[in-house]
Every structure is written in C-alpha cells, then in structure tokens.
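Descriptive analysis of the structure
Next come the chains, spelled out residue by residue.
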Amino acid sequence: MKKYNKKLIKNIFTVVFVLVLIFWLFQIDWNNFSSRANSGAFFGVLAGALFIISLQIKNKVPKE
C-alpha cells in the first residue's frame, strides 16, 4: 500500500478552498451589501474560510 504525503494533500485542499473563497468573494454585491441575495455568497465565503482554518490546525496525537 502506497503512503500518501498528508501535508501535500492538505495543501492541495487548502488551495482548492482558497479558490472557492475567491469565487464567492466576487459573487458578493458590494453596492447592496445587506441584500438578501448576498446570503448565499456570504455562506460560501464563511464555508471556505472555515475549511481553510480547519485544514491549518495541527492534530494533537496523544503520546502512549
């Protein structure tokens, strides 16, 4: 069984979620910021940001 480089995989996913975040930032109507039509774009930005943060947190491995 081939071992995968976990750091490389996490970095690839981080780049993908950064692209998703940038896409949703361009979907926000900045002239009508509080519009109900922006709710989906705000959710996309929030989801992308949370995924990026979660991928950057280091896992704590208990010592045995």
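Just above, that's the structure.
Scope of this entry: the structure provided in the associated data block. Only a predicted model underlies this, so the values are computations on that prediction, with no experimental measurement involved.

Turning our attention to the overall build of the protein chain. A count of helices and strands for the protein chain gives two helices and zero strands. Taken along the three principal axes of its C-alpha coordinates, the protein chain extends 55 × 25 × 15 Å. For the protein chain, with 64 residues in total, the buried portion stands at 17%. Carbon and sulfur atoms make up 67% of the accessible area of the protein chain, which amounts to about 6000 Å² in all.

This brings us to the nonpolar core. If you look at soluble globular proteins, the nonpolar side chains tend to sit buried side by side. In this structure, Phe 17, Leu 21, Ile 28, Ala 41, Val 45, Ile 52 and Leu 55 together form the largest nonpolar core, which totals seven residues. Going through the elements one at a time, α1 (6–27) and α2 (39–56) are the ones with two or more residues in this core. In contact with Ile 28, other than residues within four places in its own chain, are Phe 33, Asn 38, Ala 41, Phe 42 and Val 45.

A few words on the packing of aromatic side chains. Under the definition given, this model contains two aromatic pairs. Arranged with centres 4.5 Å apart and planes meeting at 5 degrees, the rings of Phe 17 and Phe 51 form a pair that is stacked. With Phe 17 in helix α1 and Phe 51 in helix α2, the pair connects residues that are 34 residues apart, well separated along the chain. On the numbers, 5.2 Å between centres and 75 degrees between planes, the contact of Phe 23 with Trp 24 is edge-to-face.

On to the environment of Phe 42. Here Phe 42 is to be found in helix α2. Separated by 14 residues in the primary sequence, Phe 42 and Gln 56 place their C-alpha atoms 21 Å from one another.

Now for the layout of surface pockets. In this structure, the largest pocket occupies an estimated 210 Å³ of space. Among the secondary structure elements, those contributing two or more residues to the lining of the largest pocket are α1 and α2. For the lining of the largest pocket, the element with the most residues is α1, which contributes four residues. Considered class by class, the residues forming the lining of the largest pocket number two nonpolar, three polar and four charged.

Criteria and thresholds
- Residues numbered from 1 in each chain as written.
- Predicted model: local features only at pLDDT ≥ 70, side-chain atom pairs only at ≥ 80, totals over all residues.
- Heavy atoms only, no water.
- Helix = DSSP H or I, 4+ residues; strand = E, 2+ residues; numbered from the N terminus.
- Buried < 20%, exposed > 50% of the residue type's maximum accessible area, 1.4 Å probe, protein only.
- Areas by Shrake-Rupley, 256 points an atom, 1.4 Å probe, with all protein chains shown as cover.
- Core = buried A, V, L, I, M, F, W, Y, C linked by side-chain atoms within 4.5 Å.
- Contact = heavy atoms within 4.5 Å.
- Phe/Tyr/Trp six-rings, centres within 6.5 Å; stacked < 30°, edge-to-face > 60°.
- 1 Å grid on protein atoms, 1.4 Å probe; cavity = no way out; pocket = protein on both sides within 12 Å on 5 of 7 lines; lining within 4 Å.
- Points joined across faces, edges and corners; volume = space filled by probe spheres on them.
- Nonpolar A, V, L, I, M, F, W, Y, C, P; charged D, E, K, R; others polar.

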